Amino acid sequence: MQGINSKEHRILLAAFHKFEYMSKMAAEKIEEEEDAETRKAMKELDALYDRFQVLFAELEKCTRDYEIKKKSVRSMISRSIRKLIQQCKSDNGIVL
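Residues numbered from 1 in each chain as written. Predicted model: local features only at pLDDT ≥ 70, side-chain atom pairs only at ≥ 80, totals over all residues. Heavy atoms only, no water.

The end-to-end C-alpha distance of helix H2 (residues 32-92) is 87 Å, a good match for the 90 Å that 61 residues give at a rise of 1.5 Å each. Considered for burial, the residues of H2 that qualify are Asp35, Met42, Tyr49 and Phe52. (Helix = DSSP H or I, 4+ residues; strand = E, 2+ residues; numbered from the N terminus. Expected span 1.5 Å × (residues − 1). Buried < 20%, exposed > 50% of the residue type's maximum accessible area, 1.4 Å probe, protein only.)

On the surface, Tyr21, Met22 and Met25 cluster together to form a nonpolar patch covering roughly 380 Å² of accessible area. Secondary-structure assignment places tyrosine 21 in helix H1 (residues 6-25). The exposed category is assigned to tyrosine 21, whose relative accessible area is 53%. (Patch = residues over 30% accessible without salt bridge, like charges linked within 9 Å, V, L, I, M, F, W, Y side chains within 5 Å. Areas by Shrake-Rupley, 256 points an atom, 1.4 Å probe, with all protein chains shown as cover. Salt bridge = Lys/Arg side-chain N within 4 Å of Asp/Glu carboxyl O.)

What follows is about the environment of arginine 82. Examined against the element boundaries, arginine 82 turns out to sit in helix H2. Under the relative-accessibility criterion, arginine 82 is labelled exposed at 52%. In sequence terms arginine 82 and alanine 57 are 25 residues apart; their C-alpha atoms lie 38 Å from each other.

In this section: a negative patch on the surface. A cluster of acidic side chains, namely Glu31, Glu33, Glu34 and Glu37, defines a negative patch on the protein surface. Its location among the elements puts glutamate 33 in helix H2. (Lys, Arg positive; Asp, Glu negative; His and termini not counted. Charge placed at Lys NZ, Arg CZ, Asp CG, Glu CD.)

This paragraph deals with the packing of H1 against H2. Packing of H1 against H2 brings their axes to within 11 Å, and their N-to-C directions diverge by 155°. By the angle class used here, H1 and H2 are roughly antiparallel. Judged by the sense of rotation from one axis to the other, the crossing of H1 with H2 is left-handed. Counted together, Ser6, His9, Leu12, Leu13, Phe16, Phe19, Glu20 and Ser23 of H1 and Asp35, Thr38, Arg39, Met42, Leu45, Asp46, Tyr49 and Gln53 of H2 form the full contact between these two elements. Looking at side-chain class alone, the contact of H1 with H2 contains seven nonpolar, five polar and four charged residues. (Axes fitted to C-alpha atoms, helices over the stretch in contact; angles between N-to-C directions. Parallel < 35°, antiparallel > 145°, perpendicular 65-115°, else oblique. Left-handed = near helix turned anticlockwise from the far one by under 90°. Contact = heavy atoms within 4.5 Å. Nonpolar A, V, L, I, M, F, W, Y, C, P; charged D, E, K, R; others polar.)

Another aspect to go through is the side chain of histidine 9. Position of histidine 9 among the secondary structure elements: in helix H1. Judged by relative accessible area, which is 8%, histidine 9 ranks as buried. A polar contact of 2.9 Å, which involves the side chain of histidine 9, links it to the side chain of aspartate 46. Every residue in contact with histidine 9, bar those within four places of it in the chain, is listed here: Met42, Leu45, Asp46 and Tyr49. (Polar contact = N/O pair within 3.5 Å; in protein donor to acceptor, adjacent residues only side chain to side chain.)

Shown next as structure tokens:
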């Protein structure tokens, strides 16, 4: 799975903060529509990044839970198979 590069996001966020600072310094040098569009796009991008972080943390938890459950189930299956083999040997003399 390809994720979102946190370093790249921080760099982009720093660039946006620079944009904000420069837009305050040079008031009305950039069109209001372009300024609003840039701010809206960054807000949406930041929201997507936050959502990704939440989902990624959930995925990591799910992965850990799966690995723990997988080991438990594997152990249960192996134990049951050993019991069944012993039962088959004692009941029927079958060798598996």
